[in-house]
Amino acid sequence: MEDKLVVVGQGYVGLPLAMRAVEAGFDVVGFDTDHSKVKQLNAGESYVEDITDERLLHALGTGRYLPTASMDHCADFDYAVVSVPTPLHDGNPDLSYIEEAGRTLGRLLRPGATVILESTTYPGTTEELFGPLLEEASGLGAGEDFHLGYSPERIDPGNPTWRFENTPKVVSGVDEASLGKVQGFYDRLVERTVVVSSPKEAELTKLLENTFRHVNIALVNELAMFADDLGINVWEAIDAASTKPFGYLRFTPGPGVGGHCLPIDPSYLSWQVRRTLGQSFRFVELANDVNEHMPDYVVRRLVVALNRQSKAVNGSRILLLGLSYKKNTGDARESPSHTLARQLLALGADLAAADPHVLDVHAPPGIPRVEPTAEMLADADAVVLLVDHDAFDYDEVLDHAGYVLDCRHRLPTAPNVEHL
Ligand SMILES: NC(=O)c1ccc[n+]([C@@H]2O[C@H](COP(=O)([O-])OP(=O)(O)OC[C@H]3O[C@@H](n4cnc5c(N)ncnc54)[C@H](O)[C@@H]3O)[C@@H](O)[C@H]2O)c1
């Protein structure tokens, strides 16, 4: 019999993991409390862009992948991986999904099984919160009767080069035997595993990676604002700095950060530092402050641009290009386009938006969705390029828009183009 794996949460993280595990020979139960997602999966319809319908159908066809919302199918597992959401609630970590998953799995836990947490969270969660919940619900001891570990996910949706299987996976366990089990599990799924000494280091690794990006994006965002005021082309400086073969990593300015990671994960770290040490994590707080205010800055630039045309934002036709949080994806979670749209609507702008990837339900409310036709572009008082999806026709934008604020530096320098 194949090893039985339960993946709790079939979202952006859990579904790719489940697919890979089916391909590696596991018997996989994809457990999700969202009945509509389970229904879609059973119908062979993937809602995660990196997983094609063909790949999902193939997994279903093996008879070793069962999407389900029923706990009954999860019993007798050898391995369980938890990839449920870890959002913020009033600025504080919301661990209720992890807690629920822990209680659910605990009731099914058998001696000898291995449980791995993958959700991004603050250091200490696995050993101090998740493990005790499993123990309480099962009556078994972590490290004694069952194995427990943490392994952060590094999935980068839409990245064709670094996929699940060729991205090194950091692994940890609460003891040697757990580490052996966790590493052995991922060795079957990815090309390389990287061992750290305890779950706390693994949890911190993920937060370090995302905080690093968050802080560096804030740095270039703040620089972009000052450079514009100083009349210096920040994009040219970034391109030039990026030719340095050592000691520099390229980050680019934008209209704000979005997605499930950057606006949230660093706050898990600063929350824990404040809670445990009573100190503020100044880098995180500064980066939050700069990045959260980027939509305000975009509005300011628009106000100035429209003012030059003797126009007010109120009543101006503004076309937003791109609603997702990054290019070539339909993921609009925490996207800065929502904040920007709210602000422009509050100022009375006549807004429209185009995005070929984002579903209507995930778009900012109250804004007509349009095709960025030549007529639409020509008709707008201002076009704001928020996300540089490859699907947009940039020649068309250049040829027909009267004024474009390009927040991604996708367009060349031209009389009708300003860069952020
Ligand atoms: N999306 C990414 O790129 C990414 C990358 C790295 C890490 N992460 C982290 O991974 C975790 C999951 O993120 P995601 O993007 O996959 O979220 P998601 O919202 O896409 O998926 C989570 C799924 O869990 C389900 N769920 C919630 N509670 C459940 C429960 N008790 N039992 C079973 N299913 C339950 C939800 O219905 C949902 O389908 C988060 O902690 C996130 O920070 C995400």
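The structure we're discussing is the one just above.
Residues numbered from 1 in each chain as written. Predicted model: local features only at pLDDT ≥ 70, side-chain atom pairs only at ≥ 80, totals over all residues. Heavy atoms only, no water.

Trainee: Describe the site of the ligand, with residues and values.
Mentor: Around the ligand sit 25 residues, and of these Val 13, Asp 32, Lys 37, Thr 86 and Thr 120 come closest. The separation between an oxygen atom of the ligand and a polar main-chain atom of Val 13 is 2.9 Å. Between the ligand and Val 84 there is a distance of 3.4 Å, counted from an oxygen atom to a backbone nitrogen or oxygen. Here the ligand has 830 Å² of accessible area as a free molecule, and 93% of this is covered by the chains. (Near = heavy atom within 4 Å. Polar contact = N/O pair within 3.5 Å; in protein donor to acceptor, adjacent residues only side chain to side chain. Areas by Shrake-Rupley, 256 points an atom, 1.4 Å probe, with all protein chains shown as cover.)

Trainee: Break down the pairing of strand S11 (residues 317-321) for me, with residues and values.
Mentor: Every other side chain in a regular strand lies on the same face of the sheet, so the side chains alternate between the two faces. Counting buried residues along S11, 4 of its 5 residues qualify, which places the element largely inside the surrounding structure. Sheet topology note: the S11/strand S12 (residues 350-354) ladder contains 5 bridges and is parallel. Among the inter-strand pairings, Leu 319 is bridged to a residue of S12, identified as Ala 352. In the sheet, S11 pairs with strand S13 (residues 382-385) via 4 bridges, with the strands oriented parallel. Within S13, the position partnered with Ile 318 by the bridge is Ala 382. (Buried < 20%, exposed > 50% of the residue type's maximum accessible area, 1.4 Å probe, protein only. Helix = DSSP H or I, 4+ residues; strand = E, 2+ residues; numbered from the N terminus. Pairing = 2+ DSSP bridges.)

Trainee: Before we move on, could you go through the pairing of strand S2 (residues 27-31) and cite the residues and values that matter?
Mentor: Burial within S2 is extensive, with 4 of its 5 residues counted as buried. One ladder, built from 5 bridges, connects strand S1 (residues 4-8) with S2; its direction is parallel. In the sheet register, Val 6 faces S2, and the bridge partner there is Val 29. Remark: the S1/helix H1 (residues 14-23)/S2 crossover connection has right-handed handedness. Pairing analysis gives 4 bridges linking S2 to strand S3 (residues 65-68), with the strands arranged parallel. Bridging from a neighbouring strand, Gly 30 pairs with Pro 67 of S3. (Right-handed = clockwise from strand over helix to strand, strands pointing away.)

Trainee: Account for the sheet that holds S2, with residues named and values stated.
Mentor: Pairing is mixed in the open sheet, where 8 strands are placed in the order S3-S2-S1-S4-S7-S8-S9-S10. For this open sheet the edge positions go to S3 and strand S10 (193-195), each flanked by a neighbour on one side alone. Averaged over all adjacent pairs, the angle separating strand axes in this sheet is 25°, with direction ignored. (Axes fitted to C-alpha atoms, helices over the stretch in contact; angles between N-to-C directions.)

Trainee: Talk me through the sheet that holds S12; I want residue IDs and the actual numbers.
Mentor: Pairing is parallel in the open sheet, where 5 strands are placed in the order S12-S11-S13-S14-S15. Edge positions in the sheet fall to S12 and strand S15 (417-419), since each of these pairs with one other strand and no more. Averaged over all pairs of adjacent strands, the angle between strand axes in this sheet comes to 20°, irrespective of strand direction. Across 3 bridges, the pairing between strand S14 (residues 404-406) and S15 is parallel. Each bridged residue has a counterpart across the sheet, and for Leu 405 the counterpart in S15 is Glu 418.

Trainee: Just give me the short version of helix H9 (residues 265-277), but keep the residues and values in it.
Mentor: Between its first and last C-alpha, H9 extends 18 Å over 13 residues, near the 18 Å set by a 1.5 Å rise per residue. If you check which residues of H9 are buried, you get Asp 265, Pro 266, Ser 267, Tyr 268, Leu 269, Ser 270, Gln 272 and Val 273. Where H9 is buried, its residues meet strand S5 (88-89), strand S6 (92-93), helix H7 (199-230) and helix H10 (282-292). At the exit of H9 stands Gly 278, carrying a positive phi of roughly 70°. (Expected span 1.5 Å × (residues − 1). Contact = heavy atoms within 4.5 Å.)

Trainee: Can you lay out the environment of Val 29 for me, pointing to particular residues and giving the numbers?
Mentor: Along the chain, Val 29 turns up in strand S2. Discounting residues that sit within four places of it in the chain, Val 29 has contacts with Lys 4, Leu 5, Val 6, Val 7, Leu 66, Thr 68, His 73 and Cys 74.

Trainee: Residues and numbers for the packing of aromatic side chains, please.
Mentor: Within this structure, the stated rule accounts for 7 aromatic pairs. A centroid spacing of 5.0 Å and a plane angle of 45° characterise the contact between Tyr 122 and Trp 271, whose relative ring orientation is tilted. Of the two residues, Tyr 122 is situated in the loop between strand S7 (114-117) and helix H5 (125-138) and Trp 271 in helix H9; the sequence distance between them amounts to 149 residues. Judged by relative accessible area, Trp 271 falls into the partly exposed class, the value being 22%. (Phe/Tyr/Trp six-rings, centres within 6.5 Å; stacked < 30°, edge-to-face > 60°.)

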